[in-house]
Amino acid sequence: MAGAGGGGCPAGNDFQWCFSQVKGAVDEDVAEADIISTVEFNYSGDLLATGDKGGRVVIFQREQENKIRPHSRGEYNVYSTFQSHEPEFDYLKSLEIEEKINKIRWLPQQNAAHFLLSTNDKTIKLWKISERDKRAEGYNLKDEDGRLRDPFRITALRVPILKPMDLMVEASPRRIFANAHTYHINSISVNSDHETYLSADDLRINLWHLEITDRSFNIVDIKPANMEELTEVITAAEFHPHQCNVLVYSSSKGTVRLCDMRSSALCDRHSKFFEEPEDPSSRSFFSEIISSISDVKFSHSGRYMMTRDYLSVKVWDLNMESRPVETHQVHEYLRSKLCSLYENDCIFDKFECCWNGSDSAVMTGSYNNFFRMFDRSTRRDVTLEASRESSKPRASLKPRKVCAGGKRKKDEISVDSLDFNKKILHTAWHPVDNVIAVAATNNLYIFQDKAN
Amino acid sequence: MSQKLEEENPAEETGEEKQDTQEKEGILPERAEEAKLKAKYPSLGQKPGGSDFLMKRLQKGQKYFDSGDYNMAKAKMKNKQLPSAGPDKNLVTGDHIPTPQDLPQRKSSLVTSKLAGGQVE
């Protein structure tokens with residue numbers, strides 16, 4: 001195996017990221033429906049789910065170690081695919097409801113079947129994905145092809161036997177949680193009690209029980225009595241990974257509120273309020289827009305949380321509300337491009353962020369199909385690119401560098417050459433191993449650490 | 001001199017700008033961008049990124065169709081063709097009554113996702 005060519009400095013822990021797989025079509029013309037809108041590993045990391053703008057879900061499964069094909073170990077192949085949501089029209093409100101899957105969240109596995117929640121702007125669905133590898137044969141009342149037999153012709157009884165069949169993976173909707181949101185759902189989060197989950201829209205957060213679809217409890221409501229007074233909306237929400245009574249929600253004003261459901265039924269009054277003080281002299285027209293938090297994620301430990309705003313990723317200690325403990329610049333060079341980014345609406349792009357399994361590193365996407373990784377202990381960071389050019393099997397990814405101004409070195413790319421249509425909004429990190437999934441428009445890239 | 005400066009940075013003078021420390025360098029690009037934007041769109045609201053764009057966000061997906069207008073127009077023009085929207089079907093303005101032919105078809109994707117294409121990478 002070739003030594004670590006490519007140079008550059010890997011993001012701490014000596015990660016050496018290599019290309020593993022890419023899924024999706026190569027066409028230049030990307031159909032709107034094929035744009036990936038969410039990516040999520042399940043709790044074991046054996047399953048990887050993607051949702052797209054066309055309302056479809058595709059689930060990949062990691063291959064087990066295979067003696068016949070040794071390097072297919074760890075590869076993700078299609079396990080199941082289904083149409084989760086369809087476009088709808090609310091005639092009463094003259095509202096078009098997109099089928100785009102906003103979020104997918106897996107439930108912890110409790111039996112042989114897998115369950116996930118998928119949501120569009122208005123409706124959440126619980127899907128059961130189960131395997132069938134046996135079929136019963138020898139029924140009494142029907143033929144092998146399913147036709148009913150004439151009961152008077154049956155002269156003997158037999159016991160049906162189970163025969164093996166080709167593996168079939170079936171997805172069926174088990175629950176449909178509808179009509180609880182006036183505004184657009186941006187987040188869903190499964191509680192650590194494995195019985196309830198929350199769904200959040202721009203102004204409200206509802207609590208559901210997984211078994212009950214005809215009612216939900218409203219736990220946060222920030223709708224002002226007079227809509228003219230609206231100043232902020234909810235942008236993301238998540239339950240604490242261990243404390244079933246704690247949830248956080250972020251706002252378009254760059255703040256995060258932590259709520260404790262034990263304190264009252266309606267958690268309009270927060271228990272903790274996280275906001276970084278702003279220097280008033282630096283305020284501009286763009287300040288509020290770029291401070292809007294697009295994603296909030298608890299660390300696996302539950303001690304920290306991470307927020308993503310337009311230009312940075314911040315790590316907060318839940319015990320300290322006054323300011324984040326870490327701030328990582330994602331693409332500070334865009335600060336001098338805010339005018340054009342406002343004009344082309346890119347300033348409103350919602351980037352997600354994620355932790356690695358041990359909470360030692362965080363990752364988020366950027367433009368030009370670049371994504372960034374920050375190692376929290378070594379303070380090193382790296383910019384990598386998801387592109388077909390660096391898609392040779394097990395090829396190491398070469399670190400990228402953007403030149404903000406002045407003399408551009410060889411191999412650097414200037415800010416003005418960045419492709420703002422190639423945005424990486426959704427990334428996911430395997431819960432245990434160093435395997436990452438990066439969604440680049442209509443393609444899904446999977447990268448692995450060489451050490452894996 | 002003051003006229004020009006007003007656009008860029010009302011509170012500071014050129015001299016100070018040049019002597020600004022590393023810290024303040026972060027502010028200037030943003031303010032310069034703000035000035036650029038205000039120059040292009042002078043009517044842009046005083047309130048920075050305020051409720052206007054929030055309201056727009058809340059109303060995403062709103063499409064209006066008045067069945068009363070539609071049926072009246074249909075009755076009036078029994079024999080004539082209803083005016084169609086032209087190239088931009090999504091824009092319905094003024095006297096034009098949207099007809100079922102104009103509304104973009106909302107069909108569900110019957111096509112399997114290309115991610116499930118089946119090639120082994």
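Counting from 1, residues in each chain are numbered in the order their sequence is written. As they are written, the chains are lettered A onward and the ligands numbered 1 onward, keeping that order. A pLDDT threshold of at least 70 governs which residues receive local features in this predicted model, and a stricter bar of 80 or more applies before side-chain atom pairs are shown or counted, although totals over entire chains, interfaces and linings include all residues. The side-chain values count all of the structure's non-hydrogen atoms but skip hydrogen atoms and water molecules.

Draft legend 1. Summary view of the packing of aromatic side chains. Residues and elements named next belong to chain A. Any two of the Phe, Tyr and Trp rings considered here, Trp counted by its six-membered ring, make a pair once their centres fall within 6.5 Å; the pair's planes then place it as stacked at under 30 degrees, edge-to-face at over 60, or tilted in between. Evaluated as defined, the whole model comprises 21 aromatic pairs over all chains. Between Phe 371 and Phe 447, the ring centres sit 5.6 Å apart and the planes meet at 25 degrees, which makes this aromatic pair stacked. Here Phe 447 lies in strand E32 (residues 443–449) and Phe 371 lies in strand E26 (residues 370–375), a separation of 76 residues in the sequence. Accessibility here uses a 1.4 Å probe with only protein chains present; expressed as a share of the type maximum, an area under 20% marks a residue as buried, one over 50% as exposed, and anything in between as partly exposed. Residue classification places Phe 371 among the buried positions, given a relative accessible area of 0%. Clustering of aromatic rings is evident, with ring pairs tying together Phe 19, Phe 371, Tyr 445 and Phe 447. Definition used: whenever NZ (Lys) or CZ (Arg) falls within 6 Å of the ring centre and also within 35 degrees of the ring normal, the charge is taken to sit over that ring. Above the face of the Tyr 139 ring, Lys 142 is positioned so that its terminal group lies 4.6 Å from the ring centre. Positioned above the aromatic ring of Tyr 304 is the side chain of Arg 376, whose terminal nitrogen or guanidinium carbon lies 4.8 Å from the ring centre. Under the DSSP-based scheme used, a helix requires at least four consecutive residues in state H or I and a strand at least two consecutive residues in state E, with every element numbered from the N terminus.

Draft legend 2. Broad picture of the nonpolar core. Residues and elements named next belong to chain A. By size, the foremost hydrophobic cluster in this structure holds 25 residues, and its most contacted members are Tyr 310, Leu 334, Leu 341, Tyr 342, Ile 347 and Leu 418. For this core, the element with the highest residue contribution is helix H2 (residues 338–343), accounting for four residues. Residues within four places of Leu 334 in sequence aside, it is in contact with Tyr 310, Leu 311, Leu 341, Tyr 367, Val 415 and Phe 420. Joining through side-chain atoms within 4.5 Å is the link that ties buried Ala, Val, Leu, Ile, Met, Phe, Trp, Tyr and Cys residues into a set, and such a set is a nonpolar core. Counting 20 residues, the second largest nonpolar core, distinct from the first, contains Trp 17, Ala 361, Val 382 and Phe 447. By definition, residues are in contact when any of their heavy atoms lie within 4.5 Å.

Draft legend 3. Seen up close, the pairing of strand E22 (residues 312–317) of chain A. Residues and elements named next belong to chain A. Burial analysis of E22 places six of its six residues in the buried class, which makes it a mostly covered element. Residues Ser 312, Lys 314 and Trp 316 line one face of E22 and the alternating positions Val 313, Val 315 and Asp 317 line the opposite face, and both faces are buried. As defined by bridge partners, strand E21 (residues 304–308) adjoins E22 across five bridges and the pair is classed as antiparallel. Bridge pairing links Met 306 to Val 315 in E22. For two strands to pair, DSSP has to find at least two bridges joining them. Connecting E21 to the next strand, E22, in antiparallel fashion are three residues. Sheet analysis places E22 next to strand E23 (residues 326–329), joined by four bridges and oriented antiparallel. Bridge pairing in E23 places Lys 314 opposite Thr 327.

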